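Breakdown of the fold
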Amino acid sequence: MIKRKNEAILTGPTLLWLILFFVVPSLAMVVISFRPASTYGGVGTGWTLDAWRALGNPNYPIILWRTVWLSLVTTVICLALALPIAFVLGRMQGKWRAILLMIVIVPFWTNFVIRVAAWRILLHPEGMLRQGLVSLGLIGPDTLLLYNEGAVLMVMVYTYLPFAILPLYAAAERFDYSLLEAARDLGASGLTAVMRVFIPGISRGLLTAMALVLIPALGSYVIPDLVGGPGDEMIGNKIAQRTLGDRNLPQAATLSVALLLITLIPLIVVFYLNRRDRTHPA
Amino acid sequence: MKSSRLPVIVFALVVVFLYVPILFLVVNSFNEARFSSTWAGFTLKWYAALFDPQNRDIWEATQRSLLIAISSSAVSMVLGTLSACALHWYRTRLQRLNYGLIYLPIVIPDLLMGISLLLFFVALGVTLGTVTILIAHITFCSSFVTVVVLGRLQGFDESIIAAARDLGATRWVAIRRVILPLLAPGIVAGGLLAFTLSVDDYVITFFVTGPGSTTLPLKIYSMVKHSRELPLINAISTIFLVITFLIVWWSQKLNQDQTTKSN
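Residues numbered from 1 in each chain as written. Chains lettered and ligands numbered in written order. Predicted model: local features only at pLDDT ≥ 70, side-chain atom pairs only at ≥ 80, totals over all residues.

Turning next to the overall build of chain B. Counting its secondary structure elements, chain B contains eleven helices and zero strands. The principal-axis extent of the C-alpha atoms belonging to chain B is close to 70 × 65 × 35 Å. Here chain B holds 263 residues, and 40% of them are scored as buried. Of the contacts formed within chain B by residues at least 6 apart in sequence, a portion of 77% connects residues at least 24 apart. (Helix = DSSP H or I, 4+ residues; strand = E, 2+ residues; numbered from the N terminus. Buried ≥ 20, exposed ≤ 12 C-beta atoms within 10 Å, placed from the backbone. Contact = placed C-beta atoms within 7 Å.)

Set out below in structure tokens:
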């Protein structure tokens, strides 16, 4: 009985806090998506499907699709860059491994807004980089480095890369590199050995890395807002506009529920696959 | 060995990619030129300009950010430590639910947490401001502190508690004199992480802030968005960088000292 009381004391405060300020607000979001907007920018009474029907407005499917597409491309690029890094780090030993890992992680200790701002300043039309490229004749005088999809993708990769590097590194660290030598001895080419032995060997890390990049990427708002143009808006931008621009809270709620449903897909896939891994060890 | 050169090249290029924008910022904070298109000589005037009375709002925002970060990390250190102990010592159905609830705020996009809290506060008619920012920050910080302290607990030698109890320590004495000192480095590391996350946060704060409650990231964002005072942003960012490095270096050292001591 005492044990149960202790458990309640330890669990209670945080659990209640999270229920009050995380679970209830999430449910409120779902409820508000079925409410009408009030004229004062608040939430009206009664029930309606207006906000959900408005998702059919051709604008939203395009933006939803762009959000998913940009996030998927970001994930693929992040994994492609993080794999060789994890491969190199995992093979190293001792002090140098720690130093190189630090070198990769240090930039991400800086403020997120500042990192995005740094890119905005670096790529700025009046900045050194564009002026330099123009005078070298590499880009035309009218080419902008900023306010386009390429800039959004690059900064997204820049931002989410550590979420791919860390789990892949953790998996590569546990990988037995002598297996690669064995594959080579048995006649596999270097690439074949990596594809058929290394990649399956770190599959769990790969899965985690995928989810850890894809999920926050889907919720991007700052990056398209600062380095993208009007044609690069993602769902996050629309949520912010409906919230603070024209103040249609039920519409913001609907878009958020849609985003939540999309992010749940990778989450459930990873959860399910990890669980299957654990019950049926390969 | 030729085949292993490609990963090394990718590694080197990524390091360049990671550092270029940051170094550019730092170098330009000492650049005399207003626009970063040319180098017009070394200056400290942008740093001096930060102390100009007309930029007082930057300091007000900094103070608010620090106040929020200190209070939210203090509260989340308590909440996070409690829930980490609960998760570590009990294997009940309640803890499985608890585990999921702790991890969800970490994995879902922060934007969703911001908007749902905003809708919640609006539905309740709560005035948005420093208090609502504080509540939001405590919510996500607690989860992160829990994870850090939980990691520390995994290397915990349970027999020490049994030994303390055998030697006549009451439960409270055991908690105060044995468990808390052993967990302290984890709790402090979690608190430092919470502090940096809170100071760093833009997205969630953006949703739950009210008029007159601008934090430093919000202030920087609006300066960046309107391309105003870009050299000032360089200077603030450089100061920010130095401070973050010091905090992280300190928390790393704290963890390292503890691991070498326990070995």
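Of regular secondary structure, chain A possesses 13 helices and zero strands. Along its sequence from the N terminus, chain A presents helices and strands in the succession α-α-α-α-α-α-α-α-α-α-α-α-α. Projected onto its principal axes, the C-alpha coordinates of chain A cover approximately 75 × 70 × 35 Å. Counting only residues that meet the buried cut, chain A has 43% of its 282 residues in that class. For chain A, the proportion of contacts with a sequence separation of at least 24, taken over those separated by at least 6, is 71%.

Another aspect to go through is the interface of chain A and chain B. With 62 residues of chain A at the interface, the matching set in chain B holds 62 residues. Looking at the side of chain A that touches chain B element by element, the count peaks at 16 residues for helix α1 (residues 2-32) of chain A. Partitioned by chemical class, the residues of the side of chain A that touches chain B number 44 nonpolar, 14 polar and four charged. (Nonpolar A, V, L, I, M, F, W, Y, C, P; charged D, E, K, R; others polar.)

For residues that are not glycine, phi is negative in most cases, and the peptide bond is trans in most cases. Residues and elements named next belong to chain A. One non-glycine residue, Arg 247, lies in the positive phi region at around 50 degrees. Tracing the sequence through the fold places Arg 247 in the loop between α12 (235-245) and α13 (249-279). Take Arg 247: there are 15 C-beta atoms within 10 Å of it, and that puts it in the partly exposed class.

A word on the nonpolar core. One recurring pattern in soluble globular proteins: nonpolar side chains tend to sit buried together. Residue and element names in this part refer to chain A. Formed by 133 residues in total, the largest nonpolar core has its most connected members in Ala 82, Ala 86, Ala 164, Ile 165, Leu 168, Val 213 and Val 227. With 16 residues, helix α7 (residues 149-174) is the largest single contributor of residues to this core. Those residues in contact with Val 227 that sit more than four places away from it in its chain are Val 116, Trp 119, Arg 120, Leu 123, Leu 146, Ala 151, Val 152 and Val 155. (Core = buried A, V, L, I, M, F, W, Y, C linked by C-beta atoms within 7 Å.)

A word on α12 of chain A. All names here are of chain A. Extensive coverage of α12 is indicated by the burial of eight of its eleven residues. Here α12 has its buried residues at Ile 235, Gly 236, Asn 237, Lys 238, Ile 239, Ala 240, Arg 242 and Thr 243. Directly beyond the C-terminal end of α12, a positive phi value near 50 degrees is found at Arg 247.

Residue and element names in this part refer to chain B. Secondary-structure assignment places Val 208 in helix α9 (residues 203-208). Judged by the 26 C-beta atoms lying within 10 Å of it, Val 208 falls in the buried class. Residues Val 208 and Cys 85 lie 123 residues apart in sequence; the distance between their C-alpha atoms is 30 Å. Residues in contact with Val 208, not counting those within four places in the same chain, are Gly 114, Leu 117, Leu 118, Phe 121, Leu 128, Thr 132, Ile 133 and Ala 136.

We now examine the confidence of the model for chain B. Residue-level pLDDT values for chain B average 84, and 94% of them are 70 or greater. This prediction of the complex comes with two scores: 0.86 for pTM and 0.86 for ipTM. (pLDDT = per-residue confidence, 0-100.)

A few words now on the packing of helix α3 (residues 56-89) of chain B against helix α4 (residues 93-107) of chain B. All names here are of chain B. Where α3 contacts α4, the axes come no closer than 10 Å and their chain directions differ by 135 degrees. The angle between α3 and α4 falls in the class oblique. Once α3 is placed against α4, the crossing between them reads as left-handed. Residues Ser 83, Ala 86 and Leu 87 of α3 touch α4, and the partners they reach there are Gln 95, Asn 98, Tyr 99 and Ile 102. Of the residues contributing to the contact of α3 with α4, the split by class is four nonpolar, three polar and no charged. (Axes fitted to C-alpha atoms, helices over the stretch in contact; angles between N-to-C directions. Parallel < 35°, antiparallel > 145°, perpendicular 65-115°, else oblique. Left-handed = near helix turned anticlockwise from the far one by under 90°.)

Turning next to the environment of Thr 243 of chain A. Here Thr 243 of chain A is to be found in helix α12. Measuring from C-alpha to C-alpha, the distance between Thr 243 of chain A and Thr 254 of chain A comes to 11 Å, with eleven residues separating the pair along the chain. Every residue in contact with Thr 243 of chain A, bar those within four places of it in the chain, is listed here: Leu 249 and Ala 252 of chain A together with Ile 115, Leu 118 and Phe 207 of chain B.

This paragraph deals with the packing of helix α6 (residues 130-153) of chain B against helix α8 (residues 171-200) of chain B. Residue and element names in this part refer to chain B. Close contact between α6 and α8 brings their axes to 8 Å; oriented N to C, the two are set at 150 degrees. By the criterion of interaxial angle, the relationship of α6 to α8 is roughly antiparallel. Crossing angle aside, the handedness with which α6 passes α8 is right-handed. Between α6 and α8, the contacting residues are His 137, Phe 140, Cys 141, Phe 144, Val 145, Val 148, Val 149, Gly 151 and Arg 152 on the first element and Leu 183, Pro 185, Gly 186, Ile 187, Ala 189, Gly 190, Gly 191, Leu 193, Ala 194, Leu 197 and Ser 198 on the second. Residues belonging to the contact of α6 with α8 are distributed by class as follows: 13 nonpolar, six polar and one charged.

Let us look at the environment of Met 234 of chain A. Residue and element names in this part refer to chain A. Mapped onto the elements of the fold, Met 234 is located in the loop between α11 (222-227) and α12. Taking the number of C-beta atoms within 10 Å as the measure of exposure, Met 234 has 28 and is therefore buried. Residues Met 234 and Asp 246, twelve residues apart in the sequence, show an inter-C-alpha distance of 17 Å. Setting aside anything within four residues of it in sequence, one finds Met 234 in contact with Ile 63, Arg 66, Thr 67, Leu 70, Ser 220 and Pro 224.

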